[in-house]
Amino acid sequence: FETRIKQLEGELRAAVDIRIELQKQVSEATQREANNVQKFETIVVDMRQAVERLERKNNELSAQLSSKDVSNAGSASSVTGHELDELKQRIVFLEEQIVKLEQQLEKAREQLTLEREKARNVQTDLWKKEKELSDAKIDLRIANRENKTSENETAKCKEELKLVNEKIKVRNPNLISLI
């Protein structure tokens with residue numbers, strides 16, 4: 001019984017260590033998830049602001065193009081061919097920026113999904129280890145109870161043997177020397 005108790009105590013200590021490690025992993029995964037959510041939210045805000053800026057700029061450019069006569073290059077208020085090319089390049093550049101931001105957003109979403117899945121897996125592992133720990137504690141209590149019962153029975157048997165030896169000694173003093 002003592003070896004079984006020592007074995008259970010060792011398993012209990014190992015389960016506690018595993019539980020602590022899993023709790024640490026859950027905490028780290030939760031922190032990473034929170035960081036990723038924060039990054040994700042920042043990217044979304046930045047993206048919305050960029051889209052709003054692009055829409056405003058696009059509206060401005062559209063208004064400029066529709067209100068100005070390109071053929072009237074001599075006047076100070078009209079848009080020149082060079083300015084028009086610059087504006088078109090700027091629009092293309094800003095559209096590329098939107099595409100890049102959308103790609104970053106998608107990557108952040110994927111990363112967030114992976115982190116959440118990892119956190120769920122670690123949480124499940126933690127739950128399993130806590131269950132194992134609980135089972136090991138129950139086994140240890142049972143083994144301790146059985147050990148105590150065995151010790152009580154052993155003590156009882158020794159007491160009975162002592163009484164029997166005393167009775168034998170009283171009835172037959174020569175026989176005790178043989179035992």
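Because the structure is predicted, anything quoted here is derived from the model rather than measured. (Residues numbered from 1 in each chain as written. Predicted model: local features only at pLDDT ≥ 70, side-chain atom pairs only at ≥ 80, totals over all residues. Heavy atoms only, no water.)

> Any chance you could explain the overall build of the protein here in plain terms?
For the protein, the helix and strand inventory stands at 3 helices and 0 strands. Taken from N to C terminus, the helices and strands of the protein fall in the order α-α-α. Looking at the protein as a whole, 20% of its 179 residues qualify as buried. Taking all contacts inside the protein whose residues are at least 6 apart in sequence as the whole, residues at least 24 apart take part in 83%. (Helix = DSSP H or I, 4+ residues; strand = E, 2+ residues; numbered from the N terminus. Buried < 20%, exposed > 50% of the residue type's maximum accessible area, 1.4 Å probe, protein only. Contact = heavy atoms within 4.5 Å.)

> Can you walk me through the side chain of E115 in this structure?
Along the chain, E115 falls in helix α2 (residues 81–171). Every residue in contact with E115, bar those within four places of it in the chain, is listed here: A29, R32, E33 and N36.

> Looking at this structure, I do not really get the pattern of salt bridges. What am I missing?
Working definition: two side chains of opposite charge can pair if their charged atoms are close together. Scanning the entire structure with this criterion turns up 6 salt bridges. Here E117 ties to R120 by a salt bridge, and the two come within 2.9 Å at their closest N and O atoms. Of this pair, E117 and R120 both sit in helix α2, 3 residues apart, which is roughly one turn of that helix. On the basis of relative accessibility, which here comes to 47%, the residue R120 falls in the partly exposed class. (Salt bridge = Lys/Arg side-chain N within 4 Å of Asp/Glu carboxyl O.)

> So what exactly am I meant to see when it comes to the confidence of the model for the protein here?
The predicted structure's coordinates, where accompanied by low pLDDT, should not be read in detail. Residues with a pLDDT of 70 or more make up 89% of the protein, whose mean pLDDT is 80. Mean pLDDT values over the elements of the protein span from 59, in helix α3 (residues 173–178), up to 85, in α2. (pLDDT = per-residue confidence, 0-100.)

> Looking at this structure, I do not really get the packing of helix α1 (residues 2–67) against α2. What am I missing?
Any two packed helices are characterised by how steeply their axes cross, that is the angle between the axes, and by the distance between the axes. Here α1 crosses α2 at 165°, and the two axes come no closer than 6 Å. One way to sum up the angle between α1 and α2 is to call them roughly antiparallel. The way α1 lies across α2 gives a crossing that is left-handed. Grouping the constituent residues of the contact of α1 with α2 by class yields 35 nonpolar, 10 polar and 16 charged. (Axes fitted to C-alpha atoms, helices over the stretch in contact; angles between N-to-C directions. Parallel < 35°, antiparallel > 145°, perpendicular 65-115°, else oblique. Left-handed = near helix turned anticlockwise from the far one by under 90°. Nonpolar A, V, L, I, M, F, W, Y, C, P; charged D, E, K, R; others polar.)

> What is the right way to look at the environment of L101 in this model?
Tracing the chain through its elements places L101 in helix α2. Expressed as a C-alpha distance, the spacing of L101 and I43, which sit 58 residues apart in the sequence, is 7.6 Å. L101 has contacts with I43, M47 and A50, leaving out every residue within four places of it along the chain.

> When you look at the environment of R19 in this model, what are you seeing that I'm missing?
Relative to the elements of secondary structure, R19 occurs in helix α1. For R19, a relative accessible area of 30% translates into the label partly exposed. For the pair R19 and K129, spaced 110 residues apart in sequence, the C-alpha to C-alpha distance is 6.0 Å.

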